[in-house]
Amino acid sequence: MNYIVIYYLLINVLCFFVMGIDKKRAKRREWRIKETTLWWLAVAGGALGGFMGMRVYHHKTKHTSFKIGFPSIAAIQLFLLISLLKLA
């Protein structure tokens, strides 16, 4: 069970920093991280970190799909994580 919690923490930290890197690149008009990559990181467990990255870096905040999608996925993931932890 510890591996699941560690994975969840790491994927969220990764997604948080990837949002920051993409924002930095956007400001510099450099090569960007694909939106599909951001979505895959979110679906892989990093939605909460991605949502926090959106808020901290003010990135993708005008995209309705990100504003609704990331928090929705994060809520589902937190529910599943809590459910798994209760089973253990």
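Student: Can you explain a nonpolar patch on the surface? Please cite residues and give values.
Tutor: Taken together, the side chains of Met1, Ile4, Leu84, Leu85 and Leu87 present a nonpolar region at the surface, about 450 Å² in accessible area. Per element, the largest residue contribution to the nonpolar patch is three residues, and it comes from helix α3 (residues 64–87). In this structure, methionine 1 sits in the segment before α1 (2–28).

Student: Break down the environment of threonine 61 for me, with residues and values.
Tutor: Topologically, threonine 61 is positioned in the loop between α2 (35–57) and α3. Along the chain, threonine 61 and glutamate 35 lie 26 residues apart, while their C-alpha atoms are 13 Å from each other. With residues near it in sequence (within four places) discarded, threonine 61 still touches Met54 and Lys67.

Student: Explain α3 to me, and be specific about the residues and the numbers.
Tutor: The end-to-end C-alpha distance of α3 is 35 Å, a good match for the 34 Å that 24 residues give at a rise of 1.5 Å each. Burial in α3 covers these residues: Phe66, Gly69, Phe70, Ala74, Gln77 and Leu81.

Student: Run through the packing of aromatic side chains, naming residues and quoting values.
Tutor: The full count for this structure, using the stated rule, is five aromatic pairs. Pairing phenylalanine 16 with phenylalanine 17 gives two aromatic rings, centres 5.3 Å apart and planes at 85 degrees, and the pair type is edge-to-face. The interplanar angle of 35 degrees and the centroid separation of 4.8 Å between the aromatic rings of tryptophan 39 and phenylalanine 66 together place this pair among those described as tilted. On the criterion of sequence distance, the pair formed by tryptophan 39 in helix α2 and phenylalanine 66 in helix α3 is long-range, its members being 27 residues apart. With relative accessibility at 24%, the residue tryptophan 39 sits in the partly exposed group. For phenylalanine 66, a relative accessible area of 0% corresponds to the buried category. Among the aromatic residues, those joined into a cluster by ring pairs are Phe16, Phe17 and Tyr57.

Calculation notes
Residues numbered from 1 in each chain as written. Predicted model: local features only at pLDDT ≥ 70, side-chain atom pairs only at ≥ 80, totals over all residues. Heavy atoms only, no water. Patch = residues over 30% accessible without salt bridge, like charges linked within 9 Å, V, L, I, M, F, W, Y side chains within 5 Å. Areas by Shrake-Rupley, 256 points an atom, 1.4 Å probe, with all protein chains shown as cover. Salt bridge = Lys/Arg side-chain N within 4 Å of Asp/Glu carboxyl O. Helix = DSSP H or I, 4+ residues; strand = E, 2+ residues; numbered from the N terminus. Contact = heavy atoms within 4.5 Å. Expected span 1.5 Å × (residues − 1). Buried < 20%, exposed > 50% of the residue type's maximum accessible area, 1.4 Å probe, protein only. Phe/Tyr/Trp six-rings, centres within 6.5 Å; stacked < 30°, edge-to-face > 60°.

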